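Each chain, letter by letter, is given below.
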Amino acid sequence: MLLRHTPNKLIDRQALTVNPAKTCQPIGAMYAALGIHGCLPHSHGSQGCCSYHRSTLTRHYKEPVMASTSSFTEGSSVFGGQSNLIQAIGTIFKVYDPDVIAVHSTCLSETIGDDLPQIIGKAVEDELIPEGKYVIYANTPSYIGSHVTGYANMLVGMVRAFSTNTLRKKNVVNIVAGWMEPSDMAEIKRIAHEMEARIILFPDTSDVLDAPMTGKHVMYPKGGTTIAELIATGDSKFTMGLGHFCTEDACIRLENKCKVRFDVLDIPIGLKATDRFVSSLARHANVPVPDSITDDRGRLIDMIADMHKYLYGKRVAIFGDPDTILPFIEFMLSMDMKPVYIVSGTPGKYMDERLKTLLDEKVPEAKFMNGERADMLQLHSWIKEEGVDLLMGNTYGKYIARDENIPFLRIGFPVLDRVGHSYFPVVGYKGAMHILSRMLDAILNHEDANCKEEKVELVM
Ligand code: SF4
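Below is a summary of the structure that appears in this document. (Residues numbered from 1 in each chain as written. Predicted model: local features only at pLDDT ≥ 70, side-chain atom pairs only at ≥ 80, totals over all residues. Heavy atoms only, no water.)

The next thing to look at is the overall build of the chain. Looking only at helices and strands, the chain features 17 helices and 13 strands. Here the C-alpha atoms of the chain give a radius of gyration of 23 Å, agreeing with the 23 Å that 2.2 N^0.38 yields for 460 residues. A principal-axis box enclosing the C-alpha atoms of the chain has dimensions of 75 × 55 × 45 Å. Expressed as a percentage of its 460 residues, the buried residues of the chain come to 55%. Counting only contacts in the chain whose residues sit at least 6 apart along the sequence, the fraction spanning at least 24 positions is 75%. Summing over all exposed atoms, the chain offers an accessible surface of approximately 20,000 Å²; the carbon and sulfur share of this is 52%. Side chains of the chain carry 48 positive and 56 negative charges; the gap between the two charge centres is 0 Å. (Helix = DSSP H or I, 4+ residues; strand = E, 2+ residues; numbered from the N terminus. Rg over C-alpha atoms; globule rule 2.2 N^0.38 Å. Buried < 20%, exposed > 50% of the residue type's maximum accessible area, 1.4 Å probe, protein only. Contact = heavy atoms within 4.5 Å. Areas by Shrake-Rupley, 256 points an atom, 1.4 Å probe, with all protein chains shown as cover. Lys, Arg positive; Asp, Glu negative; His and termini not counted. Charge placed at Lys NZ, Arg CZ, Asp CG, Glu CD.)

Right under this line is the structure:
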């Protein structure tokens, strides 16, 4: 038993969180910033924060993650970090030559009250920012929200710094990517290309955090949304945000700044969410849906119909980021599975409302919680009360899965102990087929290993 502290009975807690289902804001800001081509994320705080953020991203993506830090000392903790950041900006442009420095704050610099726009303004005055180069920022105090909030804040920073309305509208649709894997961002671009829709995807971590091994170290890999594309988002005719928690603020900001109307959809995970994405893209880009996409949809439906008997009524516990797990839950419901326990550490009323709508009719017994008090202890206690057939979530679920002998499917962030997530997409119809096969593998492998001998089936 690795989680011996989890009681068999639910304990009513008012003020204690045990193993929160989230991580800290700057990690999201750093990940989003890596989706700009030629960008060096900069952590305005102590070295320890920056090391933690980099190592978490490196462990998840199995790629070196470059970032710089203001390296606060005791002095900066008392007097503020302005001189550290000013010096850092000058040094970074001289030594590492990025196109953009994306500064995010940390708990310490936020508590001191460092004013990022004022400090960056001072760097401009001191002529430390070379012509054609940029310093953007996001405030990411980690005692509010989660890594998802940090990601959303950095997207707002991109719009604030770059999006420009030149009054020459173009037949282009912006797609604001919620927190997805590089493979998912590549799949979104593939689908748009297949539909011949003109898009600007931002941020875009494909070919950055899944870059091929070439034997040469490249400080700024070839992927990422370019500055020219980010500036041009202000001239696009429409914006589609994928994921309410990650992208809604950036979409609102873009509309207010450049008058680009928007719609926020789910990340296209599963059948219905992909249907909505494809039809929305077809409508706003004014393109038809090609047969190749319709055929992919048909293959997914065929697979669901064939495998439905193995999935029907299966009880599932799922935890993670709301933009990821909401469409997963909808997908499971459409296959008559029962997501009975749901936990997300990211706060926000939208999740409550959405879950009520999704679950009320099909799984009224479902229990869910999000925000600061929603933790892994809560999820484990629910599972101990009445078991589930499948657990889905990030690496931290493996202890529960082991203790309770439950099949476990790794999804979301972070996945620290397996590979594949950054290479094989879960979005779109093909992604849904991939998820479905992994769900079945998890459930049926467990069944094969644990059922009575006379029940072992050779053929499905
Ligand atoms: S929670 Fe705050 S102090 Fe801790 S690593 Fe994150 S930013 Fe740094």
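Turning next to the packing of helix H4 (residues 82–95) against helix H6 (residues 116–125). Interaxial distance between H4 and H6 falls to 10 Å at its minimum, and their mutual angle equals 45°. When the axis of H4 is compared with that of H6, the two are oblique. Between H4 and H6 lies a crossing whose hand is right-handed. Residue-level inspection shows Gln82, Leu85, Ile86 and Ile89 of H4 in contact with H6, the latter providing Leu116, Gln118, Ile119, Lys122 and Ala123. When its residues are assigned to classes, the contact of H4 with H6 shows 6 nonpolar, 2 polar and 1 charged. (Axes fitted to C-alpha atoms, helices over the stretch in contact; angles between N-to-C directions. Parallel < 35°, antiparallel > 145°, perpendicular 65-115°, else oblique. Left-handed = near helix turned anticlockwise from the far one by under 90°. Nonpolar A, V, L, I, M, F, W, Y, C, P; charged D, E, K, R; others polar.)

Let us look at the pattern of salt bridges. In this structure the tally under the stated criterion is 22 salt bridges. Here Asp336 makes a salt bridge to Lys362, at a shortest N to O gap of 3.6 Å. In this pair, Asp336 sits in the loop between helix H13 (322–334) and strand E10 (338–344) while Lys362 sits in helix H14 (residues 349–362), placing the two residues 26 residues apart along the sequence. Of the charged contacts in the structure, one is a salt bridge between Lys384 and Glu404, with a shortest N-O distance of 3.1 Å. Taken as a pair, Lys384 in helix H15 (residues 376–385) and Glu404 in helix H16 (residues 398–404) lie far apart in primary sequence, 20 residues in all. Judged by relative accessible area, Glu404 falls into the partly exposed class, the value being 25%. Among the ionic contacts, a cluster of salt bridges with common partners joins Glu187, Arg190, Glu194, Asp296 and Arg299. (Salt bridge = Lys/Arg side-chain N within 4 Å of Asp/Glu carboxyl O.)

Near the ligand the following residues occur: Cys24, Pro26, Cys49, Tyr52, His53, Thr106, Cys107 and Ser142. Broken down by class, the residue content of the shell around the ligand amounts to 5 nonpolar, 3 polar and no charged. (Near = heavy atom within 4 Å.)

This paragraph deals with the pairing of strand E7 (residues 236–242). The buried fraction of E7 amounts to 6 of the 7 residues, a majority that puts the element mostly inside the structure. Handedness of the crossover joining E7 and strand E8 (residues 262–265) through helix H10 (residues 244–258): right-handed. (Right-handed = clockwise from strand over helix to strand, strands pointing away.)

With that out of the way, let us pick up the nonpolar core. One broad rule of soluble globular proteins: the nonpolar side chains tend to lie buried together. Within the largest apolar cluster, 124 residues are counted, with the highest numbers of intra-cluster contacts made by Leu281, Ile329, Leu379, Leu391 and Met392. Looking at this core, the element that brings in the most residues is helix H17 (residues 428–450), giving 8 residues. Ignoring sequence-local partners within four residues, the contact set of Met392 consists of Val316, Ala317, Ile318, Phe319, Phe328, Met332, Phe408, Leu409, Ile411 and Met439. Listed in part, the 16 residues of the second largest apolar core include Leu40, Ile89, Ile119 and Ile120. (Core = buried A, V, L, I, M, F, W, Y, C linked by side-chain atoms within 4.5 Å.)

Attention now goes to the sheet that holds strand E3 (residues 100–105). Pairing is parallel across the open sheet formed by 4 strands, whose spatial order is E2-E1-E3-E4. Each of the sheet's edge strands pairs with one partner strand only, and the pair in question is strand E2 (68–69) and strand E4 (134–138). Two strands pair when backbone bridges link them, and E3 and E4 are joined in this way by 5 bridges, in the parallel orientation. In the strand pairing of E4, His104 is matched with Ala138. Set on the sheet, helix H1 (residues 25–33) makes contact with strand E1 (39–44) and E3; between it and E3 the angle comes to about 170°. Packed onto the sheet, H6 meets E1, E3 and E4 and runs at close to 170° relative to E4. (Pairing = 2+ DSSP bridges.)

The analysis is restricted to geometry; functional conclusions fall outside its scope.
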